[in-house]
Amino acid sequence: MADTALVLGGGGLTAYAWQVGVLAGLADAGVDLGDADVFVGTSAGSLLAVELAAGAAPAGLYAEQVARERAMLEVDFTLAMTAKYLWAALGSRDPGTVVKRLSRLALSVRGVSEAEVIEKIRPQLPVQRWPERPVRLIAVDALTGEPTGFGADSGVELVRAMAASCALPPLFPPITIGEGRWMDGGIRSTANADLAQDCRRVVVLAPIPKGPGASPSTSDQVATLVAGGTRATLLTPDRPARRAFGRNPLDASRIPAAARAGHRQATTHAEQIRTVWQD
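Under an unreviewed UniProt entry, the protein chain has the name Patatin-like phospholipase family protein and belongs to Streptomyces cellulosae.

Written as structure tokens, this is what we have:
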């Protein structure tokens, strides 16, 4: 059993920026979540997980976000794509059925090849090989609906695993790994906090606390962890942070404000995090 796990959720450019701000703010307050024994990432959180595992300092990442010094992947998730996603996500009250509906949507994507997705993701990675420190990049098999956490021991190239964790339908097609077709882990849950159940202490950052429809809430997943004996806590954006995000999570102009909002929020929650993270 790993001792500490940092769980990083998905939600686009503003989600990434907010989490970077939180980590930098906590580090300033003397709580360094970058020393986690394992990093669990979903979608945008997967990129941050790899960066931290590779040794990136939250302060440096924060400076990049505030100053917009780093070009982040920008994509056009159109209104038509949003409508298709919501139609699939809101079509059932059963989480398993929702995953099946979104899987069908993912498998129907045409016009974008897997190779194109991988080449879009590659420049975003700080390293091209798995970091020595453990990471779990969460993806869901569109053929079975089952989740997994890809890591160095999975035998999968890092960029392919990252592409799978970020393959959000109907923007991108699923990524072929082994016999599976793997899509964005956010299809199942925005943070997949329950997949850190083998860790003793867990801090979860969830920029989007719950997906649409029947998607499980991160707060419920964290409550389940606690009920099972894990010391766990959850931080989600407060109202000012949500305003900073704006309505479009892929709006790059919102990155500095989202990062600052995360940094501000961290200062008021540092003790909450410290009690879980530090003995």
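That shown, we press on.
Engineer: Describe in detail the pattern of salt bridges, supporting the description with residues and values.
Structural biologist: Evaluation of the coordinates by the stated rule reveals ten salt bridges. Residue Glu114 pairs with Arg160 through a salt bridge whose shortest N-O separation is 3.7 Å. With Glu114 in helix α6 (residues 114–121) and Arg160 in helix α7 (residues 158–165), this pair connects stretches of sequence that are 46 residues apart. With a shortest N-O distance of 2.7 Å, Asp198 and Arg136 are connected by a salt bridge. With Asp198 in the loop between β6 (180–184) and β7 (199–205) and Arg136 in strand β3 (residues 135–141), this residue pair connects regions lying 62 residues apart in the sequence. Connected via shared salt-bridge partners are Asp3, Arg200 and Arg201.

Engineer: Explain the packing of aromatic side chains residue by residue, including any values.
Structural biologist: Tallied over the full model, the rule gives one aromatic pair. Arranged with centres 5.2 Å apart and planes meeting at 80°, the rings of Phe150 and Trp182 form a pair that is edge-to-face. Pair noted here: Phe150 is in strand β4 (residues 147–150) and Trp182 is in strand β6, with a separation of 32 residues, a long-range link. The burial state of Phe150 is the same as that of Trp182; both residues are buried. Sitting over the ring of Trp87, Arg101 keeps its end group 4.2 Å from the ring centre.

Engineer: Break down the UniProt feature "active site" (unreviewed entry) in the protein chain for me, with residues and values.
Structural biologist: The UniProt feature table records "active site" (unreviewed entry) at Ser43 and Asp184. A maximum C-alpha distance of 6.0 Å is found for the annotated residues, which run over 142 residues; spatially they form one tight group. Among the annotated residues just listed, those that line the largest pocket are Ser43 and Asp184. Tracing the backbone through its elements, the reader meets Ser43 in the loop between β2 (38–42) and α2 (44–53). Sequence-distant contacts of Ser43, defined by excluding residues within four places in its chain, comprise Gly10, Ser165, Cys166 and Asp184.

Engineer: Quick rundown of helix α4 (residues 79–89)? Include the residues and the values.
Structural biologist: Among all positions of α4, only Met81, Tyr85, Ala88 and Ala89 are buried. Looking straight down α4, one finds that the buried residues subtend no more than 95° of arc, so they occupy a single side. What points out from α4, more than 90 degrees from its buried face, is the exposed set Leu79 and Trp87.

Engineer: Help me get a handle on the packing of helix α1 (residues 13–28) against α2, residues and values and all.
Structural biologist: Running from N to C, α1 and α2 cross one another at 40°; their axes reach a closest spacing of 9 Å. Between α1 and α2 lies a crossing of right-handed hand. Each of Tyr16, Gln19, Val20 and Leu23 in α1 lies in contact with α2, whose residues at this interface are Ala44, Gly45, Leu47, Leu48, Glu51 and Leu52. Split into classes, the residues belonging to the contact of α1 with α2 amount to seven nonpolar, two polar and one charged.

Engineer: Residue-level account of the layout of surface pockets, with values.
Structural biologist: Roughly 1,100 Å³ of internal volume is contained in the largest pocket. Contributing elements (two or more residues each) for the lining of the largest pocket: α1, α2, α4 and α5 (95–107). A per-element tally of the lining of the largest pocket places α4 first, with five residues. Taken as a whole, the second largest pocket encloses approximately 190 Å³ of empty space. Of the residues contributing to the lining of the second largest pocket, the split by class is six nonpolar, four polar and two charged.

Definitions and cut-offs
- Residues numbered from 1 in each chain as written.
- Predicted model: local features only at pLDDT ≥ 70, side-chain atom pairs only at ≥ 80, totals over all residues.
- Heavy atoms only, no water.
- Salt bridge = Lys/Arg side-chain N within 4 Å of Asp/Glu carboxyl O.
- Helix = DSSP H or I, 4+ residues; strand = E, 2+ residues; numbered from the N terminus.
- Phe/Tyr/Trp six-rings, centres within 6.5 Å; stacked < 30°, edge-to-face > 60°.
- Buried < 20%, exposed > 50% of the residue type's maximum accessible area, 1.4 Å probe, protein only.
- Lys NZ or Arg CZ within 6 Å of the ring centre and 35° of its normal.
- UniProt positions renumbered as here; feature names shortened; annotations may be inferred.
- 1 Å grid on protein atoms, 1.4 Å probe; cavity = no way out; pocket = protein on both sides within 12 Å on 5 of 7 lines; lining within 4 Å.
- Contact = heavy atoms within 4.5 Å.
- Arc of directions from axis to C-beta.
- Axes fitted to C-alpha atoms, helices over the stretch in contact; angles between N-to-C directions.
- Left-handed = near helix turned anticlockwise from the far one by under 90°.
- Nonpolar A, V, L, I, M, F, W, Y, C, P; charged D, E, K, R; others polar.
- Points joined across faces, edges and corners; volume = space filled by probe spheres on them.

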